[in-house]
Amino acid sequence: MGFWSVLTSIIPSAIAYTIPILMGALGGLYSERSGVTNLCIEGLMLFGVFSAAATIVKLQAIPGFSFTLAIVIGIAVAMIASTLLSLLHAFAAINLKANQVISGTAINMLSTAVSLFLAQTITGSGNITIVRAIVRQNVPVLSKIPLLGPLFFTSTYWTTWVCLFIWALSWFLLYKTSFGLRLRACGEHPSAVASAGVNVHRMRYIGVMLSGFLSGLGGACILVTYAGEYNAGSGINGLGFLAIAALIFGQWKPLGILGSTFFFGLCMTIANMGKVFPVFQNIPTGYLGMFPYVATLIALIFSSRKSAAPLASGEPF
Amino acid sequence: MKGKNNGKPLEARKASPLVVSLSAVFLGIVAGCVFILCIGKNPFAGFERILFGALSNTRRIGNTLGMSTQLILIGLSVAFAFKTGLFNIGASGQMLMGGITGSILAYYLPMDMPRFIYLPIIIIAAMLAGAFWGFISGFLKAKFNVHEVVSTIMLNWIAYWICYDFIPRFIIDPTISVKSKPIETVHTLRADWLTELTGFSTLNYGFLLSIIMCVIVWFILQKTTLGFNLKAVGSNRFCAEYAGIKVNRSIMVSMAIAGALASLGGLTYYCGYSNIMEMGKMPNEGFDGIAVALLGNCSPVGIFFSAIFFGILKMGRGSLAATGIPTEIADTIIATIIYFTATNVILASFWNGIFHRSFSRKEDAVLAYMKSRNDNTPVEKLTKEEFRLYAKEGKALAKAEKEGK
């Protein structure tokens, strides 16, 4: 297997792993930039996986119901469900001035327990497997471009393009609109923003709810792209925490997190596809499995020292 | 008049941590009832089954205490780090490290080794492994400012994959290729007299160890300079630094001790409670330990009792199958309780409001009574006994006054 063919099989898979982490990290970005520490990305994403899986399974069981429509509805339901769950964190963190780290952990545990509880009542087991996920497609004209075509535009999921569009929109929203300026200011000097007549609590609610919305989308993407099932046993393997690490590694900036999540996506691919490539055949599964987490720790060592965290993140107002 | 009530004016009671914790438990159970009602089952039957499953005979009580053992140790671990202002959610990984160290030693140490030499060896080895695992997070936090929540989660998964690699390599059971071979009873923490006393339950020496650890943790935190330094760092890092306490060192020491406690929990779990390790399984107890510590208000006594409460929930849920309620209801209740302990501000202010209202009602009664006797002593100067007596006497007077208006 030549270098080129290895690359053309790694990159599309890495992109598929990147997108959910990117959405989780982007959600965390909104929340932290508005001044609320959000460690419940993991729980919100898991809840997205579960609610999308439950919805899609129910809809795909209806004879004659379009598979694609079922997936679209499932993604929408996941986004709404995770937004509702994130409201719990917002209420605790903003109104009750609770310890945001503990509240986030509680949401993570609540999400794991409630989704498993509901899965047991719906399907009778801890797993929900959907009938059909999104089919990979080549982008019509762009996939014919030499070099770039095979790497980025062949066998892609349509959700990838939606998510990338949302990422670009977020960049515009955060840096080119007055809403974005206010949101970012809420995370730096909330009292200054309040004296300018902006409702800090409302901005923070929007920040946390957007994080729920995007994490739900990320979770649904995991389900409809590479996973294909909700599995209570392994959950989402700490992917939500990888998203938080990517947020720190990307220094709380949209462009930064695009780079850092792609790095983690690449690590995930190496961990999961190691068996396929002869280069990795002699390395035991255990070492490949821990690779993304070790890489994350090393990345954090280099990026945490000079932290650009929002000043007021985690401070109740 | 000075000197009465130690110079403090009488005022309304404040909500104690115990009241807040009990309210959180109450709300958690209410939430559990709501969930059970949502799926159309009878919540009272469910809770009755949980109590039956956990406490109905000596064997079940023994099993509940056996389950509580690791919850006590992990609760202590989380609480210890919490006192230094650190949030240790890596107890699962530390448990795995303690468990794998203990299991490998149990497998390879000679069988005819006397127990009084063998037991200290595996206990110390497991604690060292966990201390190292906790120390990594502390080191990364102190030297590189890596958030301990993220680093401990990453270390959890690294420990998970280490076990995934070590179990088949060293201690696999050839007939079931995803589990380790059960450890011989002489090499576990189980003791014949404890097993026989509780009708062959899983209760083991770990329970005694966990009580000893409660005392040791209390002693370190309350009676030693080390404990004082750690708590100082936890309450105000910059103030502690200014006072000359080595903050970075304290963070590393605290995480190492927390790791050692959690891995001892792992040892009691894998070499006493279950005696086997499964590949690809992250122990849930590491997260339940957070609930134990928070509910117990991070005090060793509180942790002991809250661990037994969670032990009852976790052991009793096994008997739920007959009622058709999914056993995950126990985890749902645990998670809800953590949410409510995190939002303890609202619970505390709720109780403070109630105490305040009842106090001001009593104050009115006292004033009415004193007015009737032309007593001009300010209310603040009364002793507790006088206050209580006057409030009782003046109750009717105050009521009459109110109705008169």
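Residues numbered from 1 in each chain as written. Chains lettered and ligands numbered in written order. Predicted model: local features only at pLDDT ≥ 70, side-chain atom pairs only at ≥ 80, totals over all residues.

**Q** Give a description of the overall build of chain A that names residues and reports values.
**A** The helix and strand inventory of chain A stands at 12 helices and two strands. From first element to last, N terminus to C terminus, chain A shows the α and β order α-α-α-α-β-α-α-α-α-α-β-α-α-α. The globule rule puts the C-alpha radius of gyration for 317 residues at 20 Å, and the 20 Å found for chain A is close to it. For chain A, the C-alpha atoms occupy an extent of roughly 60 × 45 × 40 Å along the three principal directions. Within chain A, the proportion of its 317 residues that are buried is 53%. (Helix = DSSP H or I, 4+ residues; strand = E, 2+ residues; numbered from the N terminus. Rg over C-alpha atoms; globule rule 2.2 N^0.38 Å. Buried ≥ 20, exposed ≤ 12 C-beta atoms within 10 Å, placed from the backbone.)

**Q** Mind laying out the domain arrangement of chain B, listing which residues take part and the relevant values?
**A** Interfaces are often described in size by the accessible area the parts lose on coming together. Along its sequence, chain B is organised into domain 1 (4–13 + 348–404) and domain 2 (41–342). If you average the C-alpha positions of domain 1 of chain B and of domain 2 of chain B, the two centres end up 48 Å apart. (Domains from an automatic or database assignment.)

**Q** So what about helix H6 (residues 158–176) of chain A? Which residues, and what values?
**A** Residues and elements named next belong to chain A. Along its 19 residues, H6 runs 27 Å from first to last C-alpha, staying within 8% of the 27 Å computed at 1.5 Å per residue. By the burial criterion, the buried members of H6 are Thr159, Thr160, Cys163 and Trp167. End-on view of H6: buried residues confined to an arc of 105°, all on one side of the axis. Across H6 from its buried face, at more than 90 degrees, point the exposed residues Trp161, Phe165, Ala168, Leu169, Phe172 and Lys176. Looking at the buried residues of H6, the elements they touch are helix H1 (3–33), helix H9 (200–227) and helix H11 (254–273). (Expected span 1.5 Å × (residues − 1). Arc of directions from axis to C-beta. Contact = placed C-beta atoms within 7 Å.)

**Q** How would you summarise the interface of chain A and chain B if you had to cite specific residues and measurements?
**A** Listed by partner, the interface residues are 38 residues for chain A and 36 residues for chain B. Of all the secondary-structure elements, those providing two or more residues to the side of chain A that touches chain B are helix H4 (100–123), helix H10 (239–249) and helix H12 (285–304) of chain A. Considering every element that reaches the side of chain A that touches chain B, the biggest residue donor is H4(A), with 13 residues. Considering only residue class, the side of chain A that touches chain B consists of 24 nonpolar, 12 polar and two charged. (Nonpolar A, V, L, I, M, F, W, Y, C, P; charged D, E, K, R; others polar.)

**Q** If you had to explain helix H3 (residues 67–95) of chain A to someone new, which residues and values would you point to?
**A** Between its first and last C-alpha atoms H3(A) spans 41 Å; for 29 residues at 1.5 Å apiece the expected length is 42 Å, and the two agree. Following H3(A) by one or two positions, A:Lys97 has its phi on the positive side, about 55°.

**Q** Run through unusual backbone geometry, naming residues and quoting values.
**A** Although it is not a glycine, A:Asn237 sits at a positive phi angle of roughly 55°. Classification of A:Asn237 by C-beta neighbours within 10 Å gives partly exposed; the count is 19. Unusually for a residue other than glycine, B:Asn275 sits at a positive phi of about 65°. Structurally, the position occupied by B:Asn275 is in the loop between helix H11 (247–273) and helix H12 (285–295). Exposure remark for B:Asn275: the 22 C-beta atoms within 10 Å place this residue in the buried category.

**Q** Residue-level account of the nonpolar core, with values.
**A** In globular proteins that are soluble, nonpolar side chains generally tend to be buried together. In terms of nonpolar packing, the biggest core is built from 207 residues, with A:Val49 and B:Ile338 touching the most fellow members. It is H11(B) that provides the largest number of residues to this core, a total of 16 residues. Counting eight residues, the second-largest nonpolar core is a separate cluster that includes B:Tyr369, B:Tyr390, B:Ala391 and B:Ala398. (Core = buried A, V, L, I, M, F, W, Y, C linked by C-beta atoms within 7 Å.)

**Q** Could you give an account of the environment of A:Ser115, with specific residues and numbers?
**A** Residues and elements named next belong to chain A. With respect to the element layout, Ser115 can be found in helix H4. When the 28 C-beta atoms within 10 Å are taken as the criterion, Ser115 is described as buried. For Ser115 and Arg305, which are 190 residues apart along the polypeptide, the C-alpha to C-alpha distance reads 37 Å. Not counting the four nearest positions on each side in its chain, Ser115 is found in contact with Leu46, Phe47 and Phe50.

**Q** Kindly report on the packing of helix H3 (residues 58–83) of chain B against H12(B), identifying the contributing residues and their values.
**A** All names here are of chain B. As a packed pair, H3 and H12 sit with axes 7 Å apart at the nearest point and diverge in direction by 65°. Here H3 is positioned roughly perpendicular relative to H12, judged by the angle of their axes. As for the relative orientation of H3 and H12, their crossing is right-handed in sense. Each of Gln70, Leu71, Ile74, Gly75, Ser77, Val78, Ala79 and Phe82 in H3 lies in contact with H12, whose residues at this interface are Glu285, Gly286, Asp288, Gly289, Ile290, Val292 and Ala293. The class makeup of the residues in the contact of H3 with H12 is eight nonpolar, five polar and two charged. (Axes fitted to C-alpha atoms, helices over the stretch in contact; angles between N-to-C directions. Parallel < 35°, antiparallel > 145°, perpendicular 65-115°, else oblique. Left-handed = near helix turned anticlockwise from the far one by under 90°.)

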